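For reference, the chains in residue letters:
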Amino acid sequence: MTHDHPAATDPGAPRPFGRLLTAMVTPFTPDGSLDLDGAARLAGHLVDEQGNDALVVNGTTGESPTTTDSEKERLIRAVVEAVGDRAQVVAGVGTNDTRHTIELAVAAEKAGATGLLVVTPYYNKPPQAGLLRHFTAVADAVGVPLMLYDIPHRAGVPIDTETLVRLAGHERIVAVKDAKGDLIASSWVTSRTDLAFYSGEDALTLPALATGAVGVVGTSTHFTGALTKQMINAYEAGENATALALHRRLLPLFHGIFRTQGVILVKAGLAALGMPAGPVRSPLVDATDAELAQLRADFTAAGLELPA
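Starting from 1, residues in each chain are numbered consecutively following that chain's sequence as written. Only residues with pLDDT of 70 or above have their local features reported here, since the model is predicted, and side-chain atom pairs are shown and tallied only from 80 upward, although totals for entire chains, interfaces and linings are computed over all residues. Excluding hydrogens and water, the side-chain figures rest on all heavy atoms present in the structure.

Going by an unreviewed UniProt entry, the protein carries the name 4-hydroxy-tetrahydrodipicolinate synthase and comes from Micromonospora echinofusca. UniProt positions are given in the numbering used here, feature names are shortened, and annotations may be inferred rather than shown by experiment. Comment text from UniProt for the protein, heading Subunit (unreviewed entry), reads "Homotetramer; dimer of dimers."

This is how it looks when you write it as structure tokens:
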């Protein structure tokens, strides 16, 4: 819904997926097969111990480029069953083919997903008119709400402000995962629409909150979830000094988890903690000893511990 006055900074602004979401890794067995029992255990941990309001499955951090459509559907069902009504499950369904995206969206809804994450079509770099048609077609095909994923450094094109304003008129397009890093652009959108913005970069969560965002879809939040939620709650309560102190404390991990592809270091960290993770699938490669040592240093700098 569009409007002519700012609403996203209003304490009553919509938070359709809560405040804290983690883009969950997809656990694999040592031979690289899907580990559904591990996924259920990890999902429960992220909700019950790390305080997530929702989990994003089949995102980039979930290695969606290298999982099959069947694996994606089975993963959704396993996570939905594991978390029950304690958290929402948002399924990544975006591809660079509108028909395939709709197929994945319909399958995800049938599998129990309560929302869909739809990334900007990548590589073929459609014009804004194409993005408008693509996202609208997906939203028209399902009955659950959509979070758009604006990540131009991966997709090759941004979702322009005017396109987002037009898409906000669709009743099922309710949120944006903003990995564009342009707080001015996102500010214009949150001032003109009711779209709920979620930071797509962990380290920009606090700045994004200050410009109208409502939460984060995080990666380091596999480990920092509870503290990140404290930061969000502190900011919401007007305790800005506390929020800033938590932001500064967690900055080493907010940043460090992306020293290489986030999933690589998340899986290495989870394995060190005895949590389900397993290897990454090619063309990704598992963390080196040096990368794991740096991750431990980042944990320490954030006041957390990663066992040797």
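Only DSSP runs of H or I covering at least 4 residues are called helices, and only runs of E covering at least 2 are called strands; the numbering of each starts at the N terminus. An expected span of 1.5 Å times one less than the residue number is assigned to each helix. Across its 17 residues, helix α10 (residues 240–256) extends 24 Å between first and last C-alpha, which sits within 8% of the 24 Å expected from 1.5 Å per residue. Bend is the name given here to the angle between axes fitted to two runs of seven residues, the run ending at a residue and the run starting at it. Remark: the principal bend of α10, roughly 50°, maps to L250, with a proline, P252, within the next four residues. Exposure classes here rest on a 1.4 Å probe applied to the protein chains alone. A residue is buried below 20% of its type maximum, exposed above 50%, and partly exposed in between. Taken as a whole, α10 has its buried residues at A243, L246, H247, L250, L253, F254 and G256. Should any heavy atoms of two residues lie within 4.5 Å, those residues are considered in contact. The secondary structure elements touched by the buried residues of α10 are α8 (205–210), α9 (221–236), α11 (262–272) and α12 (289–301).

When the UniProt feature table is mapped onto this chain, "active site" (unreviewed entry) is found at Y149 and K177. For the annotated residues, spread through 29 residues, the largest C-alpha to C-alpha distance comes to 4.7 Å, consistent with a single compact locus. Relative to the helices and strands, Y149 resides in strand β5 (residues 146–150). For Y149, the contacting residues outside a window of four places in its chain are T60, L117, V118, V119, T120, I159, K177 and A179. Leaving out residues up to four positions away in the same chain, K177 has contacts with L117, M147, L148, Y149, D150, Y198, G200 and V217.

With that out of the way, let us pick up the sheet that holds strand β4 (residues 115–119). Two strands pair if DSSP finds at least two bridges between them. The strand order β1-β2-β3-β4-β5-β6-β7-β8 describes a closed barrel built from eight strands, whose pairing is parallel. Pairwise comparison of adjacent strand axes, ignoring direction, gives a mean angle of 25° for this sheet. As defined by bridge partners, strand β7 (residues 196–199) adjoins strand β8 (residues 215–218) across two bridges and the pair is classed as parallel. Each residue of the ladder has a partner; that of Y198, found in β8, is G215. The angle between two axes is taken between their N-to-C directions and runs from 0 to 180 degrees, where each axis is a line fitted to C-alpha atoms and a helix contributes only its stretch in contact.

This brings us to the confidence of the model for the protein. As a per-residue measure, pLDDT tells how confident the predictor is, with possible values from 0 to 100. Considering every residue of the protein, the mean pLDDT works out to 95; 96% of them sit at 70 or more. Overall, residues 1–9 carries pLDDT values under 50, and its contacts beyond four positions in sequence, including any with other chains, amount to 22 contacts.

This next bit is on the pairing of β4. As a general feature of sheets, a regular strand has side chains that alternate between the two faces. Where burial is concerned, most of β4 is hidden: five out of the five residues are buried. Side-chain alternation along β4 places G115, L117 and V119 on one buried face and L116 and V118 on a second face that is also buried. Where strand β3 (residues 88–92) and β4 come together, three bridges link them in parallel fashion. From the neighbouring strand, G92 faces β4, where its bridge partner is L117. Following the chain from β3 across helix α3 (residues 98–110) to the adjacent parallel β4, one finds a crossover that is right-handed. Two elements, β4 and β5, share four bridges in a ladder whose sense is parallel. Bridge pairing links V118 to L148 in β5. Looking down the strands as they point away from the viewer, one classifies a crossover as right-handed if the path from the first strand across the helix to the second runs clockwise. Between the parallel elements β4 and β5, the chain passes through helix α4 (residues 128–141) in a crossover that is right-handed.

Okay, the pairing of β7 next. Here β7 shows no split at all, with A196 and Y198 on one side and F197 and S199 on the other all buried. Bridge count for strand β6 (residues 173–178) against β7 is four bridges, and the pairing is parallel. By the bridge assignment for β7, K177 is matched with Y198. Between β6 and its parallel partner β7, the chain crosses via helix α7 (residues 183–192), and the hand of that crossover is right-handed. Regarding the hand of the β-α-β motif, the stretch spanning β7, α8 and β8 is right-handed.

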